[in-house]
Structures are given as structure tokens and as C-alpha cells.
Amino acid sequence: MMIRLEDIPDEGLKIERAEIPSVFTGEEANWGFGPVSVFLRKEGAEVVVTGTFHARVPLTCGRCLEPFILALDDQVAGRFTPRPPGRAEEVALSTDDLDVAFYDVDEIDLGAFFRAETLLDVPMKPLCREGCPGLCPVCGGNRNLNPCACETRPLDSRLAPFRALADRLIHQEK
Ligand SMILES: [Zn+2]
Ligand SMILES: [Zn+2]
């Protein structure tokens, strides 16, 4: 979704419920985007973008290894600035709280912007739900589906004094 700077009037450009074309590849091709709403406003040579997006990102739970859909619903704010000569980065961190993206040739790539914003919202270790108990380290079962009775801790803490006693007795016998 390319927006030409010359199409942004002084009072700003409001785009309601626009579809992001699916230009992503690899795993990102499976991302489902809802319509986005954005407001673009020129500030000198820069363009400030604010908006909302909804995305459904298929992920694999880092604990139970089951696939799940992460539903994202977030507000975005970014600043597009003319690409300085010699800078290749797509997105660079700025000193304020806005994400800064560079643009070339008087065009703003909103698709790339929302891709970057979505990536920021995808956790490094995604969980299918908070507190997912994951896989049992003993039997390998998914403890979401089948809570097994495997002993996953060395001993119940209430038994610790007996364990210490047992260790001492064993030690004395040597
Ligand atoms: Zn899980
Ligand atoms: Zn188990």
C-alpha cells in the first residue's frame, strides 16, 4: 500500500478501513490483516502516521508446541522521514517514542510499516495462553490436553525433611 506524498493534503489524509494487500512472503504470508485505519499528516518533509490495526498471526506455542492464532489489536504511531543518503535500514529507532521509517522517492510504504509494527507485537517466546503448562518433561504429553501424574519435581517440599534424614542415614552407612 503505497501512499504518495503529493496525495497528502495539508489537513492530513484519513484512510478508513483499508485493506493491506498480502505482499508478505514465507510465514508472514499467513498473517491475516483486518482493515486498517490510518491518518497521515505532513510535518515539513516528514509524515506522521497514526492508526489502528488488527492482525491474526499464526504461531507455535513455545511451551506446548501447539499452533495457535495470536490476535493483535493495537494502535500504531510512526514517523516517515526522507531516507538519508547511505542509510539502508528500513526502520531505525528514534529518540522519541515514535517508530521512524524512511521513505524513498516521495512514496510511503504503509504495508511495510504495518509489517514492522506487527513484528514488534509478536513475542519472542509466544504462549498459546498465559500460564500454559507446556509439555511434561517426563512423559512428553501436552499438559493442556492431558494432565498427567508424572513426578516432575524431585520431591514434594513437605517431604524435604525426610529426604534430608534419608541422605544422612545413607551417609552414615558408608
Ligand atoms: Zn501452549
Ligand atoms: Zn507426564
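Residues numbered from 1 in each chain as written. Chains lettered and ligands numbered in written order. Predicted model: local features only at pLDDT ≥ 70, side-chain atom pairs only at ≥ 80, totals over all residues.

Draft legend 1. Structural detail: the overall build of the chain. Each helix and strand in the chain was counted, giving 2 helices and 9 strands. Starting at the N terminus and ending at the C terminus, the chain contains elements arranged as β-β-β-β-β-β-β-β-β-α-α. Each of the 174 residues in the chain was classed as buried or not, and the buried ones make up 16%. Within the chain, residue pairs in contact and separated by at least 24 positions form 47% of the contacts whose partners lie at least 6 positions apart. (Helix = DSSP H or I, 4+ residues; strand = E, 2+ residues; numbered from the N terminus. Buried ≥ 20, exposed ≤ 12 C-beta atoms within 10 Å, placed from the backbone. Contact = placed C-beta atoms within 7 Å.)

Draft legend 2. Just the pairing of strand S6 (residues 67-82), in detail. The sheet contact formed by strand S5 (residues 46-60) and S6 spans 14 bridges and is antiparallel. Bridge assignment links valine 48 to a residue of S6, and that residue is arginine 79. The turn joining S5 and S6, which pair antiparallel and follow one another in sequence, is formed by 6 residues; a positive phi near 65 degrees is taken by leucine 65. (Pairing = 2+ DSSP bridges.)

Draft legend 3. Highlighting helix H1 (residues 110-121). In this model H1 runs 17 Å from its N-terminal to its C-terminal C-alpha over 12 residues, within 8% of the 16 Å that 1.5 Å per residue would give. Within H1, burial applies to Leu110, Phe113, Phe114, Arg115, Glu117 and Thr118. (Expected span 1.5 Å × (residues − 1).)

Draft legend 4. Summary view of the pairing of strand S2 (residues 13-18). When you tally the buried positions in S2, you get 0 out of 6 residues, a small fraction of the element. Strand direction decides the pairing type here: S2 and strand S4 (residues 36-43), joined by 4 bridges, are antiparallel. The partner of lysine 14 across the bridge, within S4, is phenylalanine 39.

Draft legend 5. A look at the environment of cysteine 64. Assignment of secondary structure puts cysteine 64 in the loop between S5 and S6. Take cysteine 64: there are 20 C-beta atoms within 10 Å of it, and that puts it in the buried class. Here the alpha-carbon distance between cysteine 64 and glycine 140, two residues 76 residues apart in the chain, equals 9.5 Å.

Draft legend 6. Examining unusual backbone geometry more closely. Positioned with a positive phi, leucine 65 is a non-glycine residue whose angle comes to about 65 degrees. Accessibility expressed as a C-beta count within 10 Å gives 11 for leucine 65, which makes it exposed.

Draft legend 7. Looking closely at the nonpolar core. Counting residues in hydrophobic clusters, the biggest one holds 20 residues, and the most contacted among them are Phe33 and Phe114. Residue assignment for this core shows that the elements contributing at least two residues are S4, S5, S6, strand S8 (99-103) and H1. At 5 residues, the largest contribution of residues to this core is made by S5. (Core = buried A, V, L, I, M, F, W, Y, C linked by C-beta atoms within 7 Å.)

Draft legend 8. Summary view of the environment of leucine 119. Relative to the helices and strands, leucine 119 is located in helix H1. A residue is classified by how many C-beta atoms lie within 10 Å of it, and leucine 119, with 12 of them, is exposed. For the pair formed by leucine 119 and valine 57, sequence separation is 62 residues and the distance between their alpha carbons is 9.7 Å.

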